Amino acid sequence: SQQGEEDPQALSIQEGENATMNCSYKTSINNLQWYRQNSGRGLVHLILIRSNEREKHSGRLRVTLDTSKKSSSLLITASRAADTASYFCATASLAAGAQKLVFGQGTRLTINP
Amino acid sequence: SAVISQKPSRDICQRGTSLTIQCQVDSQVTMMFWYRQQPGQSLTLIATANQGSEATYESGFVIDKFPISRPNLTFSTLTVSNMSPEDSSIYLCSVAGGSSNQPQHFGDGTRLSIL
């Protein structure tokens, strides 16, 4: 069964605005990873955040992790049309087999020019 | 990160036939995985491809339907056997290092349609 739940399922914003996507999970994790998928293509790895980290940045991306609430968020600032894609969170846990990823349902992000 | 090449990128197949998907990595990797993404859905792990031994399958997936080979540390194949329309999906391979906190990287996937 899917461990991650993401919301919203779909998000549509204007170019230049910020986009926030949330991910919740159910069990203890080693790390949480965020991916982008453009229209049926492969997944592009965005950020990995470890269970002992609370926040990470990469360019216009900011990821937070709250292990007490079992939740994470991905913030994309100053969005661009090229950010239009589906975004997935995935968790890795020792219980599942340290490297196996369990994916959330994803958020479809549309950036309107 | 490693460059991962998957072949074919897409195919249209007749029901009852089998198709083998190849995954080639440009460097040796410890872990290789195969995932399925059904239309409009998220990714589900099919199996872990183990070098030199039988793959480890997740619940709901069996070797007879999805035989996997991994002859070395840079190459793996997934065969989808006796295909039916329900097998229409994107199949993706991924690779990771040996430690538990390394990112996992994906190939571009194989889009498979069964008529």
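A brief look at the structure comes next. (Residues numbered from 1 in each chain as written. Chains lettered and ligands numbered in written order. Predicted model: local features only at pLDDT ≥ 70, side-chain atom pairs only at ≥ 80, totals over all residues. Heavy atoms only, no water.)

Quick look at the sheet that holds strand β6 (residues 55–58) of chain A
Residues and elements named next belong to chain A. Strand order in this open sheet of 5 strands is β1-β3-β8-β7-β6, and the pairing throughout is antiparallel. Strand pairing shows two members of the sheet lacking a second neighbour, β1 (5–7) and β6, which therefore form its edges. Across this sheet, the average inter-strand angle for adjacent strands is 15°, counted without regard to direction. With 4 bridges connecting them, β6 and strand β7 (residues 61–66) associate as antiparallel partners. Note on β7: the bridge partner recorded for Lys56 is Val63. (Pairing = 2+ DSSP bridges. Helix = DSSP H or I, 4+ residues; strand = E, 2+ residues; numbered from the N terminus. Axes fitted to C-alpha atoms, helices over the stretch in contact; angles between N-to-C directions.)

Details of the interface of chain B and chain A
At the junction of the two partners, chain B supplies 27 residues and chain A supplies 22 residues. Taken together, the two surfaces of chain B and chain A that pack against each other cover about 1,900 Å², and 47% of this comes from carbon and sulfur. Looking at the side of chain B facing chain A, the largest losses of area belong to Ser42, Ser100 and Asn101 of chain B, adding up to 28% of the total buried there. The interface formed by chain B and chain A contains 2 salt bridges. Joining chain B to chain A, the criterion identifies 9 residue pairs in polar contact (both at pLDDT 80 or more). Secondary-structure elements contributing two or more residues to the side of chain B that touches chain A are β4 (31–37), β5 (43–49), β9 (89–96) and β10 (105–106) of chain B. The residue makeup of the side of chain B that touches chain A, split by class, is 10 nonpolar, 14 polar and 3 charged. (Contact = heavy atoms within 4.5 Å. Buried area = accessible area lost by both parts, 1.4 Å probe. Salt bridge = Lys/Arg side-chain N within 4 Å of Asp/Glu carboxyl O. Polar contact = N/O pair within 3.5 Å; in protein donor to acceptor, adjacent residues only side chain to side chain. Nonpolar A, V, L, I, M, F, W, Y, C, P; charged D, E, K, R; others polar.)

Focus: the packing of aromatic side chains
Here the structure, examined in full by the defined rule, presents 9 aromatic pairs over all chains. Here Tyr35 of chain A and Phe103 of chain A contribute two aromatic rings whose centre-to-centre distance is 5.7 Å and whose plane-to-plane angle is 45°, an arrangement assigned as tilted. Pair noted here: Tyr35 of chain A is in strand β4 (residues 31–37) and Phe103 of chain A is in strand β10 (residues 101–103), with a separation of 68 residues, a long-range link. Exposure class is identical for Tyr35 of chain A and Phe103 of chain A. Each is buried. Between Phe66 of chain B and Tyr91 of chain B the ring centres are 6.4 Å apart and the planes differ by 45°, which places this aromatic pair in the tilted class. (Phe/Tyr/Trp six-rings, centres within 6.5 Å; stacked < 30°, edge-to-face > 60°. Buried < 20%, exposed > 50% of the residue type's maximum accessible area, 1.4 Å probe, protein only.)

Description of the environment of Ala19 of chain A
Residue and element names in this part refer to chain A. With respect to the helices and strands, Ala19 occurs in strand β3 (residues 19–24). In this structure, the C-alpha to C-alpha distance between Ala19 and Ile111, residues 92 residues apart in sequence, is 9.1 Å. The residues contacting Ala19, other than those within four sequence positions of it, are Leu11, Ile13, Leu74, Leu75, Ile76 and Leu109.

Nothing here speaks to function; it is all geometry.
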